[in-house]
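# Structural description and commentary
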Amino acid sequence: MTNVTTGFGGLVPRAPQAGSEQRPLGGWFDAVVDRLSASLAAAGVDPAAALPHVVVERGTSASPELTLRVAPTHLLAVCQALRDEPDLRFDLSLGVSGVHYPADIGGELHAVYHLTSVTHGRRLRLEVAVPAADPRLPSTTGIYPANNWHEREAFDFFGLVFEGHPSLARIAMPDDWPGHPQRKDYPLGGIPVTFHGAQVPPPEARRQT
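So, here's what we can say about the structure. (Residues numbered from 1 in each chain as written. Predicted model: local features only at pLDDT ≥ 70, side-chain atom pairs only at ≥ 80, totals over all residues. Heavy atoms only, no water.)

## Digging into the overall build of the protein chain
Selection rule: Think of it this way: any DSSP run of H or I at least four residues long counts as a helix, any run of E at least two long counts as a strand, and we number them from the N terminus. Burial classes follow relative accessibility: with a 1.4 Å probe on protein chains only, a residue under 20% of its type's maximum area counts as buried, one over 50% as exposed, and anything between as partly exposed. A contact between two residues is defined here by any heavy atoms of the two lying within 4.5 Å. The accessible surface values rely on the Shrake-Rupley method and a 1.4 Å probe; as for residues, cover is taken only from the protein chains in view.
Within the protein chain one finds five helices and seven strands. Listed N to C, the secondary structure of the protein chain is α-α-β-β-α-β-β-β-β-α-β-α in terms of helices and strands. The burial tally for the protein chain puts 36% of its 209 residues in the buried class. Residue pairs in contact within the protein chain that sit at least 24 positions apart in sequence constitute 53% of those at least 6 positions apart. Total accessible area on the protein chain is roughly 11900 Å²; 54% of this is exposed by carbon and sulfur atoms.

And the structure:
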């Protein structure tokens, strides 16, 4: 397999999106999806609209992994049910990852949430796609407070805008940095960098602090 430096010379590798899996999904996956669907329906949310795709992937270790594709407008309802339902209890979020799929027209930017049920010893992913032209989705910090810095990182590097975040600001790049460096259309190299007024102490002084 050839390693591709994404964006270099305009080269963009194609990453086809997996479609929904057919039932039975296997293992505990069916019970979790059914319980989540029932909880959403009880809250007045259409499960089919909230969860347009249920994906089961084998991964590199041939052990199946469950990913739920979630509509942005229903993300908070899905997270709330996954955290609070006794049969689900996905009570820990291990972070939010950004991904850029230029070929996924209308859903070029993806936010991926890595959830763990400490109670039941299970893991799953949520994946939300939004258009690059309007990359807005709700912040999950009210449900999973640990996502605070992860959402800031995804905002900084991918331009995902998490509405309702308590302090959505860049976390690594300067506030006036143009663009979002981990998008595949971001230029590699040739970017002038100027440091204004920075004072760097000598190495021996840094080692003493």
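Right, picking up where we left off after that structure.
## Looking at the packing of aromatic side chains
Applied cut-off: Within 6.5 Å between ring centres, the rings of Phe, Tyr and Trp (the latter by its six-membered ring) count as paired, and their orientation is classed by plane angle as stacked under 30 degrees, edge-to-face over 60, tilted in between. Consider the ring centre and the ring normal. A charge sits over the ring if Lys NZ or Arg CZ is within 6 Å of that centre and within 35 degrees of that normal.
Per the stated rule, a full pass over the model turns up one aromatic pair. Centroid distance Trp28 to Phe29: 4.6 Å. Interplanar angle 90 degrees. Geometry classified as edge-to-face. Overall, Trp28 belongs to the partly exposed group, its relative accessible area being 25%. Phe29 gets classed as buried once you look at its relative accessible area, which sits at 5%. Between the NZ or CZ atom of Lys184 and the centre of the ring of Tyr101, over which it lies, the distance is 5.9 Å.

## A short note on the nonpolar core
For clarity, the threshold we go by: What we call a nonpolar core is a set of buried Ala, Val, Leu, Ile, Met, Phe, Trp, Tyr and Cys residues that are connected through their side-chain atoms within 4.5 Å.
Grouped together as the largest cluster of nonpolar side chains are 38 residues, with contacts concentrated most on Leu68, Leu82, Tyr113 and Leu126. Looking at this core, the elements that each hand over two or more residues are helix 1 (29–42), strand 1 (53–57), strand 2 (65–69), helix 3 (75–84), strand 4 (109–117), strand 5 (122–130) and helix 4 (147–158).

## Comments concerning the side chain of Arg152
This is how the line gets drawn: Positive: Lys, Arg. Negative: Asp, Glu. His and the chain ends are not part of the count. We define a salt bridge as a side-chain nitrogen of Lys or Arg found within 4 Å of a carboxyl oxygen belonging to Asp or Glu.
Position of Arg152 relative to the elements: it lies in helix 4. Put simply, Arg152 is tucked away with no salt bridge, and the nearest opposite charge, on Asp175, sits 6.8 Å away. The contacts of Arg152, once residues within four sequence positions are left out, are His165, Ser167, Leu168, Ala169, Arg170 and Ile171.

## Description of unusual backbone geometry
Phi angles above zero are rare outside glycine, and Arg89 is one such case at about 50 degrees. Tracing the sequence through the fold places Arg89 in the loop between helix 3 and strand 3 (92–100).

## Some details on the sheet that holds strand 4
Formally: For two strands to be treated as a pair, DSSP must find no fewer than two bridges joining them. Structural elements are reduced to axes, namely lines fitted to C-alpha atoms, with helices fitted over the stretch in contact, and the angle between N-to-C directions of any two is expressed from 0 to 180 degrees.
With mixed pairing, the five strands of this open sheet are ordered in space as 1-2-5-4-3. Two strands in the sheet have a free side with no partner beyond their single neighbour: strand 1 and strand 3. Averaged over all adjacent pairs, the angle separating strand axes in this sheet is 25 degrees, with direction ignored. Here seven bridges tie strand 3 to strand 4, and the two strands are oriented antiparallel to one another. Note on strand 4: the bridge partner recorded for Ser97 is Val112. Packed on one face of the sheet, helix 1 meets strand 1, strand 2 and strand 5 and runs near 25 degrees to strand 2. Of the strands in this sheet, strand 4 and strand 5 are in contact with helix 3, which crosses strand 5 at around 175 degrees.

## Details of the pairing of strand 2
Where burial is concerned, most of strand 2 is hidden: four out of the five residues are buried. In this structure, strand 1 lies alongside strand 2, joined through five bridges in antiparallel fashion. In the strand pairing of strand 2, His53 is matched with Arg69. One ladder, built from three bridges, connects strand 2 with strand 5; its direction is parallel. Directly across from Arg69, in strand 5, lies its bridge partner Glu127.

## A closer look at helix 3
Here is the rule we go by: Each C-beta atom gives one direction from the helix axis, and the arc is the one those directions make.
For helix 3, the full list of buried residues reads Leu75, Val78, Cys79, Ala81 and Leu82. Down the axis of helix 3, the sector holding all buried residues measures 165 degrees, keeping them to one side. The inward-facing, buried residues of helix 3 abut helix 1, helix 2 (47–50), strand 4, strand 5 and strand 6 (136–138).

## Details of the side chain of Ser39
Looking at the element boundaries, Ser39 is found in helix 1. Of the residues examined, Ser39 reaches a relative accessible area of 12% and is grouped as buried. Beyond its immediate chain neighbours, meaning those up to four positions away, Ser39 contacts Ala81 and Glu85.

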